[in-house]
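If you want the building blocks of each chain, they are given just below.
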Amino acid sequence: MEENSAVKMPPFNFGDPQLWFIMAEATFQLAIPKPITASATKYNYCVAHLSPEAAAIVRDVITCPDKDDPYKRLKEELIKRCGESKSQEIRCLLAGEQLGDRKPTDLLRVMQRRAENHQISDTLLLELFLQQLPTNVQSILLVISPLNAAKAAEIADRIMEVTPPEVSKISSSNSCEKVNNASQSELLEEIKALRKEVASLRRSRSADRRPRNNSRKRADFRFRQRSPSHSDDVCWYHKTFNKNARKCIQPCSFSGNVEGQE
């Protein structure tokens, strides 16, 4: 290890680790009696000045440092992982902003105000801003190049001025979506209950009708059996009792008919 006097490292900047490494390397150049160039020395200085949160992110790199160039690997992984963590944090922060009844430029100003302490890039801000716009507005903006967040907001204002509210309207909050989902679930349950009730009524009516229909058929059958018929050549008495009939209704062509029977 090079013999240098201790250097004063800048406080770790979790929001911009790349800038922190630039400042650290400038500090290494100011070391006395000569700049610090050894990878292992720079690695040790950086690890010693990481915040606990940052150290936890690159725990595997610290516990198992690269044998050839530990400083380079630490720098690459720390910038990469802190950037991903910060990007996710910003996404969560701005995802709660919805367009609602506001103009796109008003929405962008709110998002910029919420992200001003997070050093968010215009590219990420533009991406998150576009996600909150109606799909028809997004489709138009995506074909415009070059495009930044401010320009996108101005164009979106003009598009929505000539777009029917029904087309550009989106949900103003996640709670509204939850209420709609709950209402749909309740409606489905009511429909299921009504279907069961209708099916039960149909079965009940079918059961009530069946005995009446059968009794009516039996009554009609008995009536037809007992009622004399004048439509055939043989009278009802001879049809029913054959030659044992004691009466006869004329005209009747029954063979062996006794003349003079009524």
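Residues numbered from 1 in each chain as written. Predicted model: local features only at pLDDT ≥ 70, side-chain atom pairs only at ≥ 80, totals over all residues. Heavy atoms only, no water.

With that settled, consider the pattern of salt bridges. Counted by the stated rule, this structure contains four salt bridges. The residue Lys 75 makes a salt bridge to Glu 25 at a minimum N-O spacing of 3.0 Å. On the criterion of sequence distance, the pair formed by Lys 75 in helix α5 (residues 70-95) and Glu 25 in helix α1 (residues 17-29) is long-range, its members being 50 residues apart. For Lys 75, a relative accessible area of 26% gives the class partly exposed. Here Glu 25 falls in the partly exposed class, since its relative accessible area comes to 27%. Here Arg 109 makes a salt bridge to Asp 106, at a shortest N to O gap of 2.3 Å. Linking Arg 109 with Asp 106, this pair stays in helix α6 (residues 104-115), spanning three residues, or about one helical turn. (Salt bridge = Lys/Arg side-chain N within 4 Å of Asp/Glu carboxyl O. Helix = DSSP H or I, 4+ residues; strand = E, 2+ residues; numbered from the N terminus. Buried < 20%, exposed > 50% of the residue type's maximum accessible area, 1.4 Å probe, protein only.)

Bringing the packing of aromatic side chains into the picture now. Applying the stated rule across the entire model yields seven aromatic pairs. Aromatic side chains Trp 236 and Phe 241 sit 6.2 Å apart centroid to centroid with 90° between the ring planes, which places their arrangement in the edge-to-face category. Taking relative accessible area as the criterion, Trp 236 reaches 17% and is therefore assigned buried. A relative accessible area of 44% means that Phe 241 is categorised as partly exposed. These aromatic residues form a ring-pair network of at least three members: Phe 12, Trp 20, Phe 21, Phe 28, Tyr 45 and Tyr 71. (Phe/Tyr/Trp six-rings, centres within 6.5 Å; stacked < 30°, edge-to-face > 60°.)

With that out of the way, let us pick up the packing of helix α7 (residues 122-131) against helix α9 (residues 149-161). Two elements in contact, α7 and α9, have axes whose closest approach is 9 Å; the angle formed by their N-to-C orientations is 25°. One way to sum up the angle between α7 and α9 is to call them roughly parallel. Counted together, Asp 122, Leu 125, Leu 126, Phe 129 and Leu 130 of α7 and Ala 149, Ala 152 and Ala 153 of α9 form the full contact between these two elements. Its residues assigned to classes, the contact of α7 with α9 comprises seven nonpolar, no polar and one charged. (Axes fitted to C-alpha atoms, helices over the stretch in contact; angles between N-to-C directions. Parallel < 35°, antiparallel > 145°, perpendicular 65-115°, else oblique. Contact = heavy atoms within 4.5 Å. Nonpolar A, V, L, I, M, F, W, Y, C, P; charged D, E, K, R; others polar.)

Confidence in the prediction for the protein averages 75 pLDDT; 65% of positions are at 70 or higher. Mean pLDDT values for the elements of the protein range from 48 in helix α10 (residues 165-168) up to 94 in helix α2 (residues 39-48). When the criterion is pLDDT under 50, residues 166-176 qualifies, and its contacts beyond four places in sequence or with other chains add up to 16 contacts. Contacts for the low-pLDDT stretch residues 225-231, under 50 throughout, to residues beyond four places or in other chains number six contacts. (pLDDT = per-residue confidence, 0-100.)

In this section: the packing of α1 against α2. One can describe the packing of α1 onto α2 by two numbers: an axis separation of 11 Å at closest approach and a directional angle of 125°. Here α1 lies oblique to α2, going by the angle between them. As for the relative orientation of α1 and α2, their crossing is right-handed in sense. Counted together, Trp 20, Phe 21 and Phe 28 of α1 and Lys 42, Tyr 45 and Cys 46 of α2 form the full contact between these two elements. For the contact of α1 with α2, the residue count by class is five nonpolar, no polar and one charged. (Left-handed = near helix turned anticlockwise from the far one by under 90°.)

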